[in-house]
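# Survey of secondary and tertiary structure
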Amino acid sequence: MHPAPSIIFFTVFSGLGFGMLMFLGLGKPDVSGFTAFVFFAIAYILAVGGLISSTFHLGNPKRALKAFSQWKTSWLSREGCLAVLTLTVMAVYGAALVFWNVRIGILGLLGAALSLLTVIGTSMIYTQIKTVPRWHHWTTPLIFVGYAVTGGAMLTNQLYLAIPLLMIIGLLQIAAWVIGDKRFAEEGSTIETATGLGRIGKVRMFEAPHSSKNYLMKEMVHVIGRKHASKLRIVGSLLLSLLPLILLLVVGASHLTVLLAMLLHIAGALTTRWLFFAEAEHTVGLYYGQR
């Protein structure tokens with residue numbers, strides 16, 4: 001599928017923001033006053049900035065508010081409602097910490113749970129799409145949650161958790177690629193099943209369904225060369241997991257190395273998230289000879 005920059009920015013940075021809010025809700029780190037304000041400000045900038053960026057992918061961004069009304073049937077709407085609820089709860093929790101040095105434990109736990117549910121809601125926007133077999137799998141929500149929790153642990157300086165999480169997310173991403181490469185074939189979608197003409201024999205496209213590019217070709221059909229995908233996977237894995245681990249374990253966990261490790265991790269997350277969209281094959285591509 002077409003890897004739109006706004007959606008990549010949304011899924012990566014909102015995940016980081018809500019992952020950070022989850023740890024803050026759990027009281028990690030144990031901060032108050034101005035220090036708490038700085039942590040919450042960073043988390044809100046990431047979360048809200050990511051959510052706002054998602055509206056740039058809409059045909060008419062002014063209609064974004066209407067998405068909240070479809071929560072009964074749409075994971076996009078549910079994710080939006082969860083995000084607003086999370087930000088509201090964490091705003092109250094954060095205000096008590098910043099202005100009165102009071103930690104409302106039950107509110108923090110609720111905010112942490114809602115933060116995690118918001119990330120899961122984001123992942124389900126893609127997981128529930130049956131026509132994209134690579135996404136329609138249990139690895140997708142695990143990847144989204146793994147990225148959010150790992151990034152949140154690093155941003156809140158919970159290195160005792162961040163180091164093993166970096167190992168886990170690296171292995172999980174590789175597993176998602178290995179499993180995802182087989183998903184389209186496992187689903188059994190072919191030009192014969194797509195056209196419903198398989199009963200009469202092998203089907204071959206005589207010509208493309210359209211004489212010029214249309215919305216489906218622009219948004220649902222994106223071809224990336226196998227060679228380029230392999231290189232990006234290596235680069236993404238190095239930046240996402242291996243290089244940050246080397247910095248933290250070999251060089252040492254100073255303020256500078258933690259910052260550099262975080263920047264490398266974010267660069268890796270952006271790279272792998274670009275691949276997440278670019279490698280996703282929609283079954284509509286069968287009509288355009290893209291298999």
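Quick look at the structure, then. (Residues numbered from 1 in each chain as written. Predicted model: local features only at pLDDT ≥ 70, side-chain atom pairs only at ≥ 80, totals over all residues. Heavy atoms only, no water.)

Right, let's get into the packing of helix α6 (residues 159-187) against helix α10 (residues 255-278). The relative placement of two packed helices is expressed as an angle between their axes plus a distance between the axes. Close contact between α6 and α10 brings their axes to 13 Å; oriented N to C, the two are set at 20 degrees. Compared by their axis directions, α6 and α10 come out roughly parallel. Considering how the two elements wind past one another, α6 and α10 form a crossing that is left-handed. Between α6 and α10, the residues in contact are L159, L166, Q173 and W177 and V258, H265, T272 and L275, respectively. The residue inventory of the contact of α6 with α10, partitioned by class, reads five nonpolar, three polar and no charged. (Axes fitted to C-alpha atoms, helices over the stretch in contact; angles between N-to-C directions. Helix = DSSP H or I, 4+ residues; strand = E, 2+ residues; numbered from the N terminus. Parallel < 35°, antiparallel > 145°, perpendicular 65-115°, else oblique. Left-handed = near helix turned anticlockwise from the far one by under 90°. Contact = heavy atoms within 4.5 Å. Nonpolar A, V, L, I, M, F, W, Y, C, P; charged D, E, K, R; others polar.)

Let us now look at the packing of helix α3 (residues 75-100) against helix α4 (residues 105-127). In contact at an axis separation of 8 Å, α3 and α4 are set at 160 degrees when each is read in the N-to-C sense. Between α3 and α4, the crossing angle belongs to the class labelled roughly antiparallel. As α3 runs across α4, the sense of the crossing is left-handed. Split by residue class, the contact of α3 with α4 holds 16 nonpolar, seven polar and one charged.

Now for the nonpolar core. One finds F18, L21, L24, F40 and Y126 to be the most contacted residues of the largest nonpolar core, which totals 67 residues. Looking at this core, the elements that each hand over two or more residues are α1 (5-25), α2 (33-54), α3, α4, α5 (139-155), α6, α9 (226-251) and α10. With twelve residues, the top contributor of residues to this core is α1. Each residue touching Y126, except ones within four places of it in the same chain, is listed here: I7, F10, T11, W135, F144, F276 and F277. The next biggest cluster of nonpolar side chains, apart from the first, holds five residues, and it includes I224, A229, L275 and A278. (Core = buried A, V, L, I, M, F, W, Y, C linked by side-chain atoms within 4.5 Å. Buried < 20%, exposed > 50% of the residue type's maximum accessible area, 1.4 Å probe, protein only.)

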